[in-house]
Amino acid sequence: MTFKNTPVSIAAVAKHAGVSVATVSRVMNDLDSVRPITRDKVLASVTALGYRMNHLARNLRTAASRLLLTMVPDVGNPFYSEIVRGIDSVAREHGYFVMLCDTGADEGRESAYFDLLRTHRADGAICLDPDTVQHALANESNVLPWVACCEFDPAIAVPYVGVDNYRAAGDAVRHLIERGHTRIGLINSDQRFRYARERQRGYLDAMQAAGLPVRPEWRQQVDSLDYDAGKHATLQMMQHPDAPSAIFAVSDTLAIGVLSAMRQLNKRVPEEVAVIGFDDIAIAAQTWPPLSTIAQPMRLLGETAAQLLLQRLADPEATVQGVLLDHHLVQRESS
């Protein structure tokens, strides 16, 4: 008895067509050394039996795996999902598969995934890990085909795509200043990330340029981008007598936590405390009130990263330049 879900073997196709397994393999790999009449017989058997080639097995026997790695520090963060979609869309257009790797921003886990490049089980990689983690791979930047996305260090000879985090953070703070706020708090994330250091620098310089004070109690640093981290940081910040009248959080997930804290404290947003985030993830427009934020072109970041990697794969000797994409401020009801 034959079950419909049982995979058809290449040997079964060969027997059905009356040819050798090697001949079927040559036809499936589109080689020219097969007579047209034989090719037609094999393809007819493939159709009749419903044979599907095992691409993974074929890739293991060839020089190209057609596999691209996408390494992210936290697959649970919604910021990364749209970037991954952009990477996948370009990869599929060019006949590549994408493997999503959750590194936890850990240098050892990232290096273990890079072993797939070193052993040619993957063709290339896109790294979204902290730039401090990427430094461990700097000595292989000219050997292994990888590109940096969002997180990058221009001193490492690796193509990159991102936004100008310093300027974008300044735009967020200046927006709050223009709304009349002089006590502006900052909720920042792990300083291992370049974006965190650059957004903090943008905040500090914008405050200084406006002649505004920056008090230590108005700045909170968290170790994750979870909603709860933003909430708890806000509760700590707001317990001081001269608490901020506005808060800039370096990610939308943290900013949504800020909104949650304000509800707990019975603070009206934006009347009593204004809030602005960063990224413009999909849920930012659905919060109450809807969240003002700095929008990153997330899907385009992913698409551009994949295109840069494909350029490296097509010509390993070519110099592929880094790219900075535009951001823009989205003003909603939270500010």
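Everything numeric in this text was worked out from a predicted model, so none of it was measured. (Residues numbered from 1 in each chain as written. Predicted model: local features only at pLDDT ≥ 70, side-chain atom pairs only at ≥ 80, totals over all residues. Heavy atoms only, no water.)

A.B. asks: So what's going on with the sheet that holds strand S11 (residues 323-325)? Which residues, and what values?
C.D. replies: Pairing is parallel in the open sheet, where 6 strands are placed in the order S2-S1-S3-S4-S5-S11. Every other strand in the sheet has two partners, leaving strand S2 (97-102) and S11 as the edge strands with one partner each. Sheet twist, expressed as the mean angle between neighbouring strand axes with direction ignored, is 20°. Summarising the sheet, strand S1 (residues 67-72) and strand S3 (residues 124-127) pair through 4 bridges and their orientation is parallel. Paired with Thr 70 across the two strands is Ile 126, which belongs to S3. The strands that helix H12 (residues 298-314) touches are S1, S3, strand S4 (146-149), strand S5 (160-163) and S11; relative to S4, the one it contacts most, it runs at about 160°. (Pairing = 2+ DSSP bridges. Helix = DSSP H or I, 4+ residues; strand = E, 2+ residues; numbered from the N terminus. Axes fitted to C-alpha atoms, helices over the stretch in contact; angles between N-to-C directions. Contact = heavy atoms within 4.5 Å.)

A.B. asks: Explain the pattern of salt bridges to me, using residue names and the numbers behind them.
C.D. replies: Applying the stated criterion across every chain yields a total of 14 salt bridges. For the salt bridge of Arg 299 with Glu 82, the shortest nitrogen-to-oxygen distance reads 3.5 Å. Separated by 217 residues along the polypeptide, Arg 299 in helix H12 and Glu 82 in helix H5 (residues 78-93) bring together distant segments of the chain. Look at Glu 82 and you get partly exposed, because its relative accessible area is 25%. A single salt-bridge network, built from bridges that share partners, covers Glu 82, Arg 85, Arg 299 and Glu 303. (Salt bridge = Lys/Arg side-chain N within 4 Å of Asp/Glu carboxyl O. Buried < 20%, exposed > 50% of the residue type's maximum accessible area, 1.4 Å probe, protein only.)

A.B. asks: Got a sec to walk through empty space enclosed by the protein? Specific residues and values, please.
C.D. replies: In this structure the tally under the stated criterion is 1 cavity of 30 Å³ or more. Each pocket or cavity is described by its volume, and for the largest cavity that value is around 170 Å³. Counting residues per element, the ones that place at least two in the lining of the largest cavity are H5, S5 and helix H9 (194-209). (1 Å grid on protein atoms, 1.4 Å probe; cavity = no way out; pocket = protein on both sides within 12 Å on 5 of 7 lines; lining within 4 Å. Points joined across faces, edges and corners; volume = space filled by probe spheres on them.)

A.B. asks: Which residues make up the environment of Gly 202, and what values do they have?
C.D. replies: Looking at where Gly 202 falls in the secondary structure, it is placed in helix H9. As a C-alpha pair, Gly 202 and Asp 153 span 49 residues in sequence and 17 Å in three-dimensional space. Here Gly 202 is in contact with Tyr 166, Ala 169 and Gly 170, once residues within four sequence places are set aside.

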